[in-house]
Amino acid sequence: MSRWAKQIQMQCKIPAIGVASSNIVHYATGYVSKYQTGMPIRYVSVPFPFTGQPRAVDVGYVSGKDMLTGQPLMSAVVNALTGPLTVEEKMSGAPPEEAVEPRLLPPDSEENLRMLFEDKEWTDFNSIILPTEKRVTAMLKGTSHKPDEVIKTINITGGARQLTVEKVAINAVMAGASPEHLPVILALATQAPFGNSTSSMANMVVISGPIRNRLKFNCGTNAMGPYNRSNAVVGRAFTLMSKTAGDLRNNVNAWETLGNTMQYNNMCYGENEEALPDGWDPLHVEMGFKPTDSVITVGTGWSSIASVGASQSIYPTHYLMRDYMSSFCASGSAATIVIDPTVAGLLKDVHGFKTKAQLSEWFSQNVTKTNASYWGNGVIQSTAVPFALAGLEPYASWRKLPDDALIKPFTNSKAIHVVVAGGKVQTMWFVTDFGIRRGVSIDDWM
Amino acid sequence: MDRRKMLALLGISPTLIAGSPAYARTAPRAVPEVSSADGSGSITVMNPAIPGKLATRVPLVPPLDTLQNKTIYMVNLSWEGPDAANYFYGAMREWLDKHYSGVKTIVKVTAEGMFGGDPSIIKEIIANKADAAIVGVAG
């Protein structure tokens, strides 16, 4: 919103003010101005929640108070459009103080340093390994890349922070990783930071290829549980570097209203490629990598629903998956189904899905939900309504349907991924609404 | 009989068994010792934080002297749909009509929601010589 207001001011040469709910207005007037726009856009603020309310409530906010100043809202609007500029609002050019972060922190006791790391919100509030130079130097032996190489610039909340190999190594030490994990974590760093939204999103990290066995990632029993060091430290490293590199701090620019416990480990696991049915390709091969490539793939979403019980012959497994998937918002048509190898076997041998793609296509054709349920989700309102208003199909037609009409929201079967993991102990599965991005080569970071 | 009971009967602590390298699935990893070189108890560690580049400051456009006879655009960013902001802007328009003679308000819904662009709105604001804009509502 501040970007919009700034664009209008710069291009149209007219004053432009913002209206934001009280839950995020301080972010807009503070962090955004400081790190993103540089322009101290004037705001007025309405109570939260703003959307999802009866019409009378939104209308009533106009005759209510500005949550920033306490003035009547419309007085605040008029003042924002007509009030004289302050000294700060007239400032231009480079800011007087650039943030400084020393490479080494001042020496202190171990106890005090641990408290500092927590105070700065550089940890996940579990114990970390303090990143001494000796430990980081040892970690850097895990890659041929130079410490000062910039992996990416993280600008998601502003600040244009340059994430280097050395900074990733520091976070890898903190997470308890070993040097042999570093190439995996460096590849993962290209996808940082993790999801951060008021809606409490989370991430999924899937390891593919020979690296799984070399580093003993768990792809079998308890693949998604706390039973393996590689799964634990790589998943944790993503959290730590997302927080440090993204400068994500609670109520400053990290505002997931409920948070998401998946953010502790980011569901880091390996695909059980050795247990795939014939004809079912590994995830990374589906993406165009060679079977011998080592790849890391990151997904983003919100929800995971477990099968709870074992598969039953009276109701086919994929029917139950379909039923559970109908509760997802289907944003971006995305879903990731994680299934035990025994379930993969059932789906192929009993139900005839010769490839993962066939199963994805079946879900695309068979998952339905009511029109009201689809449009009743805030994320869909933000993302799909503009498509509908622009006349894009099927969204434009869906908007005209009655509330109880059934639609097939997973319009793109290619956005539905199937990953096989687990130890053949039970015919269990998870359906998730995680959308997976293209995988990243781990080999490139050796 | 479960394994814990069995081991207890044999007089063997499950904890000892679990700690045995023969039982462990991965070998214990040695973490280099940390000690201060000067014996003071202080250690030096590396900083995980990355300095954030502060944005170049841009001054605000000068404000209006009055809203009377002005044209004000209300840009609806369609956050979680356009409806809530449309209701809100509708009430704002009524208030402005009542309190400022000659004020003209135009509501535009962005084509791509909050995170996309819409050059047509910018062009229209310029073409119509609008005097101010209100952008919202995010939350």
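Given the structure is predicted, the values throughout are model-derived calculations rather than measurements.

Colleague: In this structure, what is going on with the sheet that holds strand β1 (residues 16–21) of chain A? I would like to understand it.
Modeller: Across a sheet, strands are paired by hydrogen bonds formed along the backbone, either parallel or antiparallel in direction. Spatial strand order, β2(A)-β1(A)-β4(B)-β2(B)-β3(B): 5 strands in an open sheet with parallel pairing. What marks the edges here is a single partner per strand, and that holds for β2 (43–46) of chain A together with β3 (104–109) of chain B. Neighbour-to-neighbour, the strand axes of the sheet open up by a mean angle of 20 degrees, direction not taken into account. Across the sheet, helix α1 (residues 2–12) of chain A is in contact with β1 and β2 of chain A together with β2 (71–76) and β4 (132–138) of chain B; its angle to β4(B) comes to roughly 170 degrees. Packing of helix α4 (residues 119–127) of chain B onto the sheet brings it into contact with β2 and β3 of chain B, and relative to β3(B) it is tilted by some 165 degrees.

Colleague: I would appreciate a short explanation of the interface of chain A and chain B in the present structure.
Modeller: Listed per partner, the contact involves 104 residues of chain A and 74 residues of chain B. Summing both sides of the interface, chain A and chain B together bury roughly 7,700 Å²; the carbon and sulfur share of this comes to 69%. One can count 0 salt bridges joining chain A with chain B. The tally of links between chain A and chain B comes to 26 residue pairs in polar contact (both at pLDDT 80 or more). Bridge count for β1(A) against β4(B) is 4 bridges, and the pairing is parallel. By the bridge assignment, A:A20 is partnered in β4(B) with B:A138.

Colleague: Explanation requested: the sheet that holds strand β13 (residues 416–420) of chain A in the structure shown.
Modeller: All names here are of chain A. The 4 strands lie next to each other as β9-β14-β10-β13, forming an open sheet whose pairing is mixed. A strand with exactly one partner marks an edge of an open sheet, and here the two such strands are β9 (304–306) and β13. Adjacent strand axes in the sheet meet at a mean angle of 15 degrees, parallel and antiparallel pairs treated alike. Relative to β13, strand β10 (residues 335–339) is paired through 5 bridges, and the arrangement is parallel. For A335, the partnering residue across the bridge sits in β13 and is I416. Lying on the sheet, helix α12 (residues 317–325) is in contact with β9, β10 and β14 (429–432); it crosses β14 at an angle near 35 degrees.

Colleague: What is the right way to look at the packing of aromatic side chains in this model?
Modeller: Residues and elements named next belong to chain A. In this structure the tally under the stated criterion is 18 aromatic pairs over all chains. Here the aromatic rings of Y31 and Y35 are separated by 4.6 Å at their centres, their planes lie at 40 degrees, and the arrangement is tilted. With a gap of 4 residues between them, Y31 and Y35 both fall in helix α2 (residues 25–37), about one helical turn apart. This pair shows no difference in class: Y31 is buried, exactly as Y35 is.

Colleague: Hey, could you run me through the packing of helix α4 (residues 73–82) of chain A against helix α3 (residues 83–99) of chain B in this one?
Modeller: The relative placement of two packed helices is expressed as an angle between their axes plus a distance between the axes. Look at α4(A) against α3(B): their axes get within 11 Å of each other, and the N-to-C directions meet at 75 degrees. Taken as axis vectors, α4(A) and α3(B) run roughly perpendicular relative to one another. Taking contact as the criterion, the partners of A:L73, A:M74, A:V77 and A:V78 in α4(A) are, on α3(B), B:F88, B:M92, B:W95 and B:L96. Classifying every residue of the contact of α4(A) with α3(B) by side-chain character gives 8 nonpolar, no polar and no charged.

Colleague: Would you mind going over the confidence of the model for chain B with me for this structure?
Modeller: Low pLDDT means the predicted atomic positions in that stretch should not be read closely. Residues and elements named next belong to chain B. Averaged over chain B, the pLDDT score is 80; the fraction of residues at 70 or greater is 72%. Across chain B, β2 holds the top mean pLDDT of 97, while helix α2 (residues 14–19) sits lowest at 40. This stretch, residues 3–28, has a pLDDT under 50; its non-local contacts, to residues over four places away or in other chains, come to 10 contacts. This complex was scored by the predictor with a pTM of 0.89 and an ipTM of 0.90.

Colleague: How do you make sense of the nonpolar core when you look at a structure like this?
Modeller: Among soluble globular proteins, nonpolar side chains are generally buried collectively. Residues and elements named next belong to chain A. The biggest cluster of nonpolar side chains holds 55 residues, and the ones touching the most others in it are V168, V184, I207, V234 and I296. Here the element with the most residues in this core is helix α7 (residues 165–175); it accounts for 8 residues. Residues within four places of V234 in sequence aside, it is in contact with H181, V184, I185, L188, F217, C268 and I296.

Colleague: Where do I start with the pairing of β3(B) in this structure?
Modeller: Moving residue by residue along a regular strand, the side chains alternate between the two faces of the sheet. All names here are of chain B. By the bridge criterion, 6 bridges tie β2 to β3 in an arrangement that is parallel. Paired with I72 across the bridge in β3 is T105. Once the chain exits β2 it traverses α3 before rejoining the sheet at β3, and the crossover so formed is right-handed.

Colleague: Any chance you could explain the pattern of salt bridges here in plain terms?
Modeller: Note that side chains of opposite charge can pair when their charged atoms are close. Residues and elements named next belong to chain A. Under the defined criterion, the tally for this structure stands at 15 salt bridges over all chains. For R212, the salt bridge identified is with E273, shortest N-O distance 3.2 Å. Pair noted here: R212 is in helix α9 (residues 211–214) and E273 is in the loop between β7 (268–270) and α11 (283–286), with a separation of 61 residues, a long-range link. When sorted by exposure, R212 lands in the same class as E273, which is buried. One salt bridge connects D323 with R322, and the closest N-O pair in it is separated by 3.1 Å. On the basis of relative accessibility, which here comes to 29%, the residue D323 falls in the partly exposed class.

Colleague: I would appreciate a short explanation of the packing of α7(A) against helix α10 (residues 229–245) of chain A in the present structure.
Modeller: Residue and element names in this part refer to chain A. The contact between α7 and α10 brings their axes to 8 Å, and the two run at 130 degrees. Compared by their axis directions, α7 and α10 come out oblique. Taken as a pair, α7 and α10 cross one another with a handedness that is right-handed. Across the interface between the two elements, V168, N171, M174 and A175 of α7 pack against V233, R236, A237, L240, M241 and T244 of α10. In terms of residue class, the contact of α7 with α10 is made up of 7 nonpolar, 2 polar and 1 charged.

Colleague: What's the story with the side chain of A:S200 in this structure? I'm lost.
Modeller: Residue and element names in this part refer to chain A. Position of S200 relative to the elements: it lies in the loop between α8 (182–189) and β6 (202–208). A polar atom in the side chain of S200 sits 3.1 Å from the backbone nitrogen of L258. Apart from the residues lying within four places of it in its own chain, the contact partners of S200 are E256, T257, L258, G259, N260 and W302.

Colleague: Before we go on, may I ask you to explain helix α13 (residues 341–349) of chain A in this structure?
Modeller: Residues A:P341, A:V343, A:A344, A:G345 and A:L347 constitute the buried set of α13(A). Summarising the contacts, the buried residues of α13(A) are in contact with α12, β10, α14 (356–366), β13 and β14 of chain A.

Colleague: I'm lost on the environment of A:P291 in this one. Help?
Modeller: All names here are of chain A. With respect to the secondary-structure elements, P291 resides in the loop between α11 and β8 (295–301). The exposure class assigned to P291 is exposed, which follows from its relative accessible area of 54%. Apart from the residues lying within four places of it in its own chain, the contact partners of P291 are G209, P210, H284 and V285.

Colleague: What exactly am I supposed to notice about the pairing of β10(A) here?
Modeller: All names here are of chain A. Across the 5 residues that make up β10, a large majority, 5, are buried. Judged by which residues are buried, β10 turns out to be covered on both faces: A335, I337 and I339 on one side and T336 and V338 on the other are all buried. Two strands pair when backbone bridges link them, and β10 and β14 are joined in this way by 4 bridges, in the antiparallel orientation. Of the residues in β14, the one forming a bridge with T336 is T432.

Analysis parameters
- Residues numbered from 1 in each chain as written.
- Chains lettered and ligands numbered in written order.
- Predicted model: local features only at pLDDT ≥ 70, side-chain atom pairs only at ≥ 80, totals over all residues.
- Heavy atoms only, no water.
- Pairing = 2+ DSSP bridges.
- Helix = DSSP H or I, 4+ residues; strand = E, 2+ residues; numbered from the N terminus.
- Axes fitted to C-alpha atoms, helices over the stretch in contact; angles between N-to-C directions.
- Contact = heavy atoms within 4.5 Å.
- Buried area = accessible area lost by both parts, 1.4 Å probe.
- Salt bridge = Lys/Arg side-chain N within 4 Å of Asp/Glu carboxyl O.
- Polar contact = N/O pair within 3.5 Å; in protein donor to acceptor, adjacent residues only side chain to side chain.
- Phe/Tyr/Trp six-rings, centres within 6.5 Å; stacked < 30°, edge-to-face > 60°.
- Buried < 20%, exposed > 50% of the residue type's maximum accessible area, 1.4 Å probe, protein only.
- Parallel < 35°, antiparallel > 145°, perpendicular 65-115°, else oblique.
- Nonpolar A, V, L, I, M, F, W, Y, C, P; charged D, E, K, R; others polar.
- pLDDT = per-residue confidence, 0-100.
- Core = buried A, V, L, I, M, F, W, Y, C linked by side-chain atoms within 4.5 Å.
- Right-handed = clockwise from strand over helix to strand, strands pointing away.
- Left-handed = near helix turned anticlockwise from the far one by under 90°.

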